[in-house]
Amino acid sequence: TKANIMLFDEFLRGRGIKETTLYNYHKFNKVYINEAIRFGLMSESPYLGIKVNRGKSDNRKYLTSDELMLLKDCSISDFKISKARDLFLFQCYTGLSYGDMYKFDFEKDVVERDGKYVIADRRVKTNEDYFIVLLSPAIAILQKYDYKLPLLSNQKYNDYIKVAASYAKIDKNLSSHAARHTFAVFALNNGVPIEV
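Residues numbered from 1 in each chain as written. Predicted model: local features only at pLDDT ≥ 70, side-chain atom pairs only at ≥ 80, totals over all residues. Heavy atoms only, no water.

### Quick word on empty space enclosed by the protein
Per the counting criterion, the structure on display carries one cavity of 30 Å³ or more. Reported here for the largest cavity is a volume of approximately 40 Å³. Taken together, Leu87, Tyr98, Met101, Tyr102, Leu149, Pro150, Leu151 and Leu152 make up the lining of the largest cavity. Among the elements that make up the lining of the largest cavity, the one with the highest residue count is helix H5 (residues 98–102) (three residues). Along the lines of polarity and charge, the residues of the lining of the largest cavity split into eight nonpolar, no polar and no charged. (1 Å grid on protein atoms, 1.4 Å probe; cavity = no way out; pocket = protein on both sides within 12 Å on 5 of 7 lines; lining within 4 Å. Points joined across faces, edges and corners; volume = space filled by probe spheres on them. Helix = DSSP H or I, 4+ residues; strand = E, 2+ residues; numbered from the N terminus. Nonpolar A, V, L, I, M, F, W, Y, C, P; charged D, E, K, R; others polar.)

Structure, rendered in structure tokens:
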């Protein structure tokens, strides 16, 4: 009912949830409501007449060149944290999403073109083909792990990245997605057109 939708909204707001996250909760709720309508369990959506504000996302987080070097060069004794740092750096050098990196297989996904290694694969999220030239720092990370990237769950990976950032004395709340933004800023600063 509309009343329950409003109570749900108040409950979420009472927990201090950001506007963008709150919008997503409602978006997912609408999926189930639409399914119930399709199965004849409801006649109409209780969201009719209710406007949920999308909100504004926080500024995109990324590492500067100096911060990237701090992270790359810092000494990390814990193997799990060091692994997460290497995966994060690999993302920074390739722009791969967590999902695409997780399924990355050097033997299947990399081809050699004009003396360079190129990832030629399909995105997990959008099913679009993509091509990425592997930079030498990315290849160095692959060599370190015998061309098989170590796997971590997304949650553990994001937890470990935060710890790795503290080792490097970087005061940013990093996540795997920040690596993609770092790659994008790096590419733009080096003359790659935004369309690419």
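Continuing now.
### Quick notes on the packing of helix H1 (residues 2–14) against helix H2 (residues 19–38)
Two packed helices can be described by the angle between their axes and the distance between those axes. For the pair H1 and H2, the least separation of the axes is 10 Å and the interaxial angle reads 150°. What the angle tells us is that H1 and H2 run roughly antiparallel. Viewed along their axes, H1 and H2 form a crossing whose handedness is right-handed. Seen from H1, the contacting residues are Ile5, Phe8, Asp9, Leu12 and Arg13; seen from H2, they are Glu19, Leu22, Tyr25, His26, Asn29 and Ile33. In terms of residue class, the contact of H1 with H2 is built from six nonpolar, two polar and three charged. (Axes fitted to C-alpha atoms, helices over the stretch in contact; angles between N-to-C directions. Parallel < 35°, antiparallel > 145°, perpendicular 65-115°, else oblique. Left-handed = near helix turned anticlockwise from the far one by under 90°. Contact = heavy atoms within 4.5 Å.)

### What to know about the nonpolar core
The nonpolar side chains of soluble globular proteins are, as a tendency, buried together. Core analysis: the largest hydrophobic core is formed by 40 residues, its most contacted members being Phe88, Phe90, Leu134 and Tyr157. Those elements giving two or more residues to this core turn out to be helix H3 (65–73), helix H4 (79–94), H5, strand S3 (129–133), helix H7 (136–144), helix H8 (154–167) and helix H9 (176–189). By residue number, the principal contributor to this core is H4, which donates eight residues. Residues in contact with Phe90, not counting those within four places in the same chain, are Leu96, Met101, Phe104, Leu134, Ala138, Ile141, Leu142 and Leu149. Counting residues in each nonpolar core, the second largest holds eight residues, with Tyr23, Tyr47, Ile50 and Val52 among its members. (Core = buried A, V, L, I, M, F, W, Y, C linked by side-chain atoms within 4.5 Å. Buried < 20%, exposed > 50% of the residue type's maximum accessible area, 1.4 Å probe, protein only.)

### Section: the environment of Ile170
One can find Ile170 in the loop between H8 and H9. A residue is classified by how much of its surface remains accessible, and Ile170, at 7% relative accessible area, is buried. Between the C-alpha atoms of Ile170 and Lys72, which are 98 residues apart in sequence, the distance is 12 Å.

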